[in-house]
Amino acid sequence: MKFIDEFRDPRLAGKLAEKIRKISLRRVNLMEVCGTHTVAVFRHGLKDMLPPGIGLLSGPGCPVCVTSQRDIDSMIKLAGEKRVIIATFGDMMKVPGTFSSLEKEKALGRDIRVVYSPSESLAMARDNPGKKVIFLGIGFETTSPLIASCVLDAERMDFKNYFILSSHKLVPPAMRALMEKGESKIDGFLCPGHVSVTIGSDAYDFISEKYRIPCVVAGFEPLDVLQGIYMLLRQVNRSENRVEIQYTRAVSRKGNEHLRKLMDEVFEKTDVEWRGLGVIKNSGLRLKRKFLRFDARSNFDMKTPGSRENKKCSCGEILKGAKKPFECKLFAKTCKPENPFGPCMVSTEGACATYYKYRA
Amino acid sequence: MCLAIPAKILSIKHNIARVDMGGVERHADIRMLGGARTGDYILVHAGFGIEKVHPEEAKKTLEIIREMGK
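Definitions and cut-offs
- Residues numbered from 1 in each chain as written.
- Chains lettered and ligands numbered in written order.
- Predicted model: local features only at pLDDT ≥ 70, side-chain atom pairs only at ≥ 80, totals over all residues.
- Helix = DSSP H or I, 4+ residues; strand = E, 2+ residues; numbered from the N terminus.
- Rg over C-alpha atoms; globule rule 2.2 N^0.38 Å.
- Buried ≥ 20, exposed ≤ 12 C-beta atoms within 10 Å, placed from the backbone.
- Pairing = 2+ DSSP bridges.
- Axes fitted to C-alpha atoms, helices over the stretch in contact; angles between N-to-C directions.
- Core = buried A, V, L, I, M, F, W, Y, C linked by C-beta atoms within 7 Å.
- Contact = placed C-beta atoms within 7 Å.
- Domains from an automatic or database assignment.
- Parallel < 35°, antiparallel > 145°, perpendicular 65-115°, else oblique.
- Left-handed = near helix turned anticlockwise from the far one by under 90°.
- Nonpolar A, V, L, I, M, F, W, Y, C, P; charged D, E, K, R; others polar.

Enquirer: Teacher, can you tell me more about the overall build of chain A here?
Expert: When helices and strands are tallied, chain A shows 15 helices and 11 strands. By the compact-globule yardstick of 21 Å for 360 residues, chain A fits well, its C-alpha radius of gyration being 20 Å. Seen through its principal axes, chain A has C-alpha atoms that stretch 65 × 45 × 40 Å. By residue count, 55% of the 360 residues in chain A fall in the buried class.

Enquirer: Sorry, what's going on with the sheet that holds strand β3 (residues 84–89) of chain A here?
Expert: Strand pairing in a sheet takes place through backbone hydrogen bonds and is either antiparallel or parallel in direction. Residue and element names in this part refer to chain A. Pairing is parallel in the open sheet, where four strands are placed in the order β4-β3-β5-β6. Each end of this open sheet is capped by a strand with a single partner; those strands are β4 (112–115) and β6 (162–166). Across the sheet, the mean angle from the axis of one strand to that of its neighbour is 25°, orientation sign disregarded. Two elements, β3 and strand β5 (residues 132–137), share four bridges in a ladder whose sense is parallel. When the sheet's bridge partners are listed, Ile-85 is paired in β5 with Val-133.

Enquirer: I tried to follow the nonpolar core on my own but got confused; where do I start?
Expert: What tends to happen in soluble globular proteins is that the nonpolar side chains get buried as a cluster. A:Ile134, A:Val151, A:Phe189, A:Leu190 and B:Ile42 are the most contacted members of the largest nonpolar core, which totals 140 residues. For this core, the element with the highest residue contribution is helix α11 (residues 222–237) of chain A, accounting for nine residues. Setting aside chain neighbours within four positions, we find A:Leu190 in contact with A:Leu30, A:Met31, A:Glu32, A:Val33, A:His37, A:Val216, A:Ala218, A:Gly228, A:Ile229 and A:Leu232.

Enquirer: Teacher, can you tell me more about the domain arrangement of chain A here?
Expert: Often the size quoted for an interface is simply the accessible area lost on bringing the parts together. All names here are of chain A. Under the domain assignment, chain A is made up of domain 1 (5–63 + 172–245), domain 2 (65–170 + 273–299) and domain 3 (315–358). For domain 1 versus domain 2, the separation of C-alpha centres amounts to 31 Å. The partner domain 2 presents 18 residues to the 12 residues of domain 1 that form the contact. Elements with a contribution of two residues or more to the side of domain 1 that touches domain 2: α8 (171–181) and α9 (193–199).

Enquirer: How do you make sense of the packing of helix α1 (residues 10–23) of chain A against α11(A) when you look at a structure like this?
Expert: Describing two packed helices takes the angle between their axes plus the distance from one axis to the other. Residues and elements named next belong to chain A. Here α1 crosses α11 at 15°, and the two axes come no closer than 10 Å. In terms of orientation, α1 and α11 fall into the roughly parallel class. When you trace α1 past α11, the crossing you get is left-handed. Listed contacts from α11 to Leu-12, Ala-13, Leu-16, Ala-17, Lys-19, Ile-20 and Ile-23 of α1 are Pro-222, Leu-223, Leu-226, Gln-227, Ile-229, Tyr-230, Leu-233, Arg-234 and Asn-237. Along the lines of polarity and charge, the residues of the contact of α1 with α11 split into 12 nonpolar, two polar and two charged.

Enquirer: Got a minute to help me understand the environment of A:Leu285 in this structure?
Expert: Residues and elements named next belong to chain A. With respect to the helices and strands, Leu-285 occurs in strand β11 (residues 278–287). Note on Leu-285: 26 C-beta atoms within 10 Å, which makes it buried. Sequence separation of Leu-285 and Gly-80 is 205 residues, and the distance between their C-alpha atoms is 25 Å. Apart from residues no more than four positions distant in its own chain, Leu-285 is found in contact with Ser-144, Ser-166, His-168, Phe-267, Lys-269 and Thr-270.

Enquirer: Sorry if this is basic, but what is going on with the packing of helix α6 (residues 119–127) of chain A against helix α7 (residues 144–156) of chain A here?
Expert: Residues and elements named next belong to chain A. Contact geometry for α6 and α7: axes closest at 9 Å, N-to-C directions at 25°. Between α6 and α7, the angle falls in the class roughly parallel. Crossing hand, α6 versus α7: right-handed. Every residue of α7 that contacts α6 at Ser-119, Ser-121, Leu-122 and Ala-125 is listed here: Cys-150, Asp-153 and Ala-154. Of the residues contributing to the contact of α6 with α7, the split by class is four nonpolar, two polar and one charged.

Enquirer: So what exactly am I meant to see when it comes to unusual backbone geometry here?
Expert: Glycine aside, negative phi is the norm for most residues, and most peptide bonds take the trans geometry. The phi dihedral of A:Arg212 is positive, around 55°, even though this residue is not glycine. Its 11 C-beta neighbours within 10 Å are what place A:Arg212 among the exposed residues. With phi around 45°, B:His14 is a residue other than glycine that occupies positive phi space. Considering the arrangement of structural elements, one finds B:His14 in the loop between β1 (5–13) and β2 (16–21).

Enquirer: Would you take a moment to explain the pairing of β4(A) for this structure?
Expert: A regular strand places its side chains so that they alternate between the two faces of the sheet. Sheet topology note: the β3(A)/β4(A) ladder contains four bridges and is parallel. By the bridge assignment, A:Phe89 is partnered in β4(A) with A:Val115.

Enquirer: For this particular structure, what's the right way to read the interface of chain B and chain A?
Expert: On the chain A side, the residues contacting the 30 residues of chain B number 40 residues. For the side of chain B that touches chain A, the elements supplying multiple residues, two or more each, are β4 (41–45), β5 (48–52) and α1 (55–69) of chain B. When residues in the side of chain B that touches chain A are grouped by element, the largest group, 10 residues, is from α1(B). For the side of chain B that touches chain A, the per-class residue count stands at 17 nonpolar, seven polar and six charged.

Enquirer: Explain the pairing of strand β3 (residues 24–29) of chain B to me, please; I cannot follow it from the model alone.
Expert: Residues and elements named next belong to chain B. Strand direction decides the pairing type here: β2 and β3, joined by six bridges, are antiparallel. What sits directly across from Ala-17, in β3, is Ala-28. The turn linking β2 back onto β3 is made up of two residues, and Gly-22 within it adopts a positive phi angle of 55°.

Following this line, the structure appears as structure tokens:
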């Protein structure tokens, strides 16, 4: 078993789709919270297998997309500091800030380097003692434990030139905000598989209890997504609102304590601004006082006067499930991956980029 | 961003595992995985192992799906 091909069996996928069609009794809106699920749905052609009664809404689970314009502008501003190296995940490069982008700054000669793993940024700090290395920390509960371990390494090795710009966010508070805003009609949540590796499925109990919405934590292969949708529909039909795990090979009710401990050791919760959702209480992570010497926000000028979102861009509405990408006037006309107006058209798991690529 | 790919551990040295990720060899930091061994499958996210993949659970899931298809 390699845990990939087995979960891509087209015959079984067909059978699952048939089962879904049989129990699809009325119009049901399901939100796939995670951008990686959106990509899986399109990449494997699952959308075409589903009956017309099932509406899939992309949610706020794309870290690049939900990063506030102010944070993006701060990242771009940091790149202009003297003797600085910016280390970033590739998805951030083309995101348009108010006045520029990291990609444009790089073209102007700024030292901006794309990394696959945050540990590469530690190596950069070690190899460039005369420069300050700033890692752009974006990502949810899947990623923040990794960044936490890098901060602990930097402390252990007593690096004086290593900084994190923490723009890390937490998924459950965003789901709560969505329900409180009530702008999108959601009958069930397909919960993010890899965020849940860390936080466990119990983290969604409050959604099912307080808002009476079924939740299923699903994996990312075709059979995972289809089974997840089937489990959600079954709950909807029975008027149930439980939290179930489809992705049991990686996710437990309690999650991974090692990962959470790392997160808790280095970060603390704080109110942060999300694109589309505004400021959400305790929905972000900042470095604890003990680690402030690694905190870019405390050690650099982060003010970005004039920071504003492009008013024509619907990214914020799309992240709430209030609009579909093709309902945006810019989509595929002026806004394209090579000329993006907002982050949803940039990130590989942005809803607009995914809809554009697969022309749904 | 939250992409994590199952990979097989080929060897381990000081918390760094050499892994086979769908035919491509890579390195993964496995400090967060207590007791991961050569031969185990792990989920690799941005160069770090974040969880073991549990084969028994995977089998159960596939059995349920096969049963549904009958």
